[in-house]
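# Secondary and tertiary structure notes
Here is what each chain is made of, one letter per residue.
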Amino acid sequence: MPECRIVLRNCGIVDPASIESYRAHGGFQALRKAKQLTPDQVVQEVKRSGLRGRGGAGFPTGMKWELAARSPGEAHYVICNADEGEVGTFKDRYILQNDPYGLFEGIAIACHAIGARTAYLYLRAEYHHLLGQLLRALKETGDAELGCHIEVREGAGAYVCGEESALMESIEGKRGEARYRPPFPPNHGLWQEPTVINNVETLMNIVPIIQNGADWYKTIGSGPCPGTKAFSVTGDVERPGVYEVPFGTALAELVVDLAGAVNVKAVQVGGASGRVVPAAKLDTPLTFETVLGAGAVVVLDASRSMVELATQNVTFFAEESCGKCVPCREGNQILLHLLTTLQQRSGKEQDIDALRELSEVMMISCLCGLGQAAPNSVVDTLEHFGDEYYSMVRR
Amino acid sequence: MGVETDVVDIILNGKAVQAQSGTTILQAAAANGVAIPTLCFHRDLSPTGACRMCVVEVARSRTLVASCHTLVTHGMVIETHSAKVLRARKVIMELMMASHPDFCLVCDKANICEMRALSAELGVGVPRFRAKKRFYQIEENPYVIRDLSKCVLCYRCVKACKEVKGANLFSMARRGFEMKVVVDDDAALDKEVCRDCGICISHCPVGALVWRPDRFRKPTDSARTSCRPLVIKG
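Remember, predicted model here, so these are calculated numbers, not experimental data.

## Looking at the layout of surface pockets
In this model, the second largest pocket occupies a volume close to 830 Å³. Together, 29 residues line the second largest pocket, and Glu169(A), Lys174(A), Glu177(A), Lys324(A) and Lys159(B) are the ones closest to its centre. Elements with a minimum of two residues in the lining of the second largest pocket: helix H9 (164–171) of chain A together with helix H4 (156–165) and strand S8 (170–173) of chain B. If you tally residues by element for the lining of the second largest pocket, the top one is H4(B), at four residues.

Encoded structure:
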């Protein structure tokens, strides 16, 4: 299946440094069209399109907007989550670099739909080099054109701040750690006001939906997951890069046909917190119901050790845990300890049982998505490549 | 306003019971005679949701939910002591004990330590997991002795100082395993930065914050006490 570019429609076509170029390619038409509709009509259109959040959880965007729009508050806020922290993803950076105006237009439509005057663009600290370009593009566009004010806030380099509640704490100037839910952001979000938080890629879908209608959008993709998904493919492939394919495309088409992977052993879909798919299951369709996450696809060939992969991932989470809840703070530390012991060939079989039990408990008891997803790669590699673990046990 | 509107029907451990709307699962369970173990939660303070000790199983929820901050809703089906919940609590306690120093015998809070009582209740003895422990210098000021090696990072002192006393002396710093409760910019608590309110001490569930035994002694007392017979505590 070839690529299908909806989110990346302007990348490589529009000059990202020139608003005239964006206008010449039909820029801001969707915003003008949306302004002629009532906010509720916009929300219903997005709801009807079946668009789902691209941050990884796949929550219906229209429903999120509706909840926030109907929630009473002194002010409403839209936050664009550009804290693309997941290991191995760079699709949002590609969008920010190549189509900033398209993103602003999507944010402006979201503001119109939920009645927000201010929107925040939470930019990852590592993307500081994009700040100048974004601010210049924002200044060029102007608040009057957008009908809202977009403020860029920079992160400070914490992975957990990509998690929506920690992100809001960070914007509020507090320590970046997860809040408990409920209440959810559409009711009590930024400064306890109704807030919509959407991923960069989600907001990039808004312009085409408004322009072409929900019915057109539903024809792309598969059933409960309409539309396309951008993937950042890296690892043992010939052609790494950003690829956009419709939902339901088989994983093999993405990594083998498009990216040119050979001798695949396993693919981790969704970054460090993603699921590990063994080569035998490469025909898995890419949907929110199977495997997906934020869109990082890391291909591992036959030379890679799966225990090493799990150890690398857990090392990352032990470093990036905010430390608020016990299962994540202490659990990742112990997971790392058990995995390291195994790799040093001094582990016992009970250690593997402990890994399994601890992972299961972390997945159901942690406060936020970080801790709940941290043991994913351990659980999956244990399931599909259990022999590698047992071969490392001290005899 | 009718009484009915303020009451929600829930199913608690298989029994249909009623709960006040707007209360947490923890409060609703207590009102119906079911005790859920807690550690970071304290009735004086706003819930934190950090220790995950009070997790319960709620039907149709992907994960376990912490009962201290989740409100009851109509028709909620709650299991407070299912095998899944008990296993999670036990593992969480084992995790907490893994990095906690084994100094219970010489700890000031030994017999009033909430963590020790809770681990006994959950049947957690010597923890299965081995890991590094935290070691910090013991800090003393005229009132408080603070031993962060024993701290379980429950946020109670942070919140007690902020919400009860209104002083906001403590905050959290660093992340992950390195996280610690700090004063100012990670200064040692060795100066008189606060008065002897002791709210943080009485809210600390473990022995990380204790009174200085000689805190109420007047300068003139020193002469008198030196004449007293030496008492060896048993």
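Past the structure itself, the notes keep going.
## A short note on the sheet that holds strand S5 (residues 77–79) of chain B
Residue and element names in this part refer to chain B. Sheet architecture is open: five strands sit in the order S2-S1-S5-S3-S4, paired in mixed fashion. Sheet topology places strand S2 (15–20) and strand S4 (65–66) at the edges, where each strand pairs with a single neighbour. Judged from the six bridges that link them, strand S1 (residues 7–12) and S2 form a sheet pairing that is antiparallel. Each bridged residue has a counterpart across the sheet, and for valine 8 the counterpart in S2 is alanine 19. Across the face of the sheet, helix H2 (residues 83–98) comes into contact with strand S3 (55–58) and S5 while running at roughly 155° to S3.

## Brief notes about the domain arrangement of chain A
Residue and element names in this part refer to chain A. Split by domain assignment, chain A resolves into domain 1 (19–217), domain 2 (221–301) and domain 3 (306–394). A C-alpha centroid distance of 25 Å is found between domain 1 and domain 2. Looking at the side of domain 1 facing domain 2, the largest losses of area belong to Arg52, Arg54 and Phe90, adding up to 33% of the total buried there. Run the count over domain 1 and domain 2 and you get two salt bridges. We note a salt bridge from lysine 229 to glutamate 201, for which the minimum N-O separation is 2.7 Å. Seen at the junction of domain 1 and domain 2, the total is nine residue pairs in polar contact (both at pLDDT 80 or more). In the side of domain 1 that touches domain 2, the residues fall into seven nonpolar, eight polar and five charged.

Criteria and cut-off values
- Residues numbered from 1 in each chain as written.
- Chains lettered and ligands numbered in written order.
- Predicted model: local features only at pLDDT ≥ 70, side-chain atom pairs only at ≥ 80, totals over all residues.
- Heavy atoms only, no water.
- 1 Å grid on protein atoms, 1.4 Å probe; cavity = no way out; pocket = protein on both sides within 12 Å on 5 of 7 lines; lining within 4 Å.
- Points joined across faces, edges and corners; volume = space filled by probe spheres on them.
- Helix = DSSP H or I, 4+ residues; strand = E, 2+ residues; numbered from the N terminus.
- Pairing = 2+ DSSP bridges.
- Contact = heavy atoms within 4.5 Å.
- Axes fitted to C-alpha atoms, helices over the stretch in contact; angles between N-to-C directions.
- Domains from an automatic or database assignment.
- Buried area = accessible area lost by both parts, 1.4 Å probe.
- Salt bridge = Lys/Arg side-chain N within 4 Å of Asp/Glu carboxyl O.
- Polar contact = N/O pair within 3.5 Å; in protein donor to acceptor, adjacent residues only side chain to side chain.
- Nonpolar A, V, L, I, M, F, W, Y, C, P; charged D, E, K, R; others polar.

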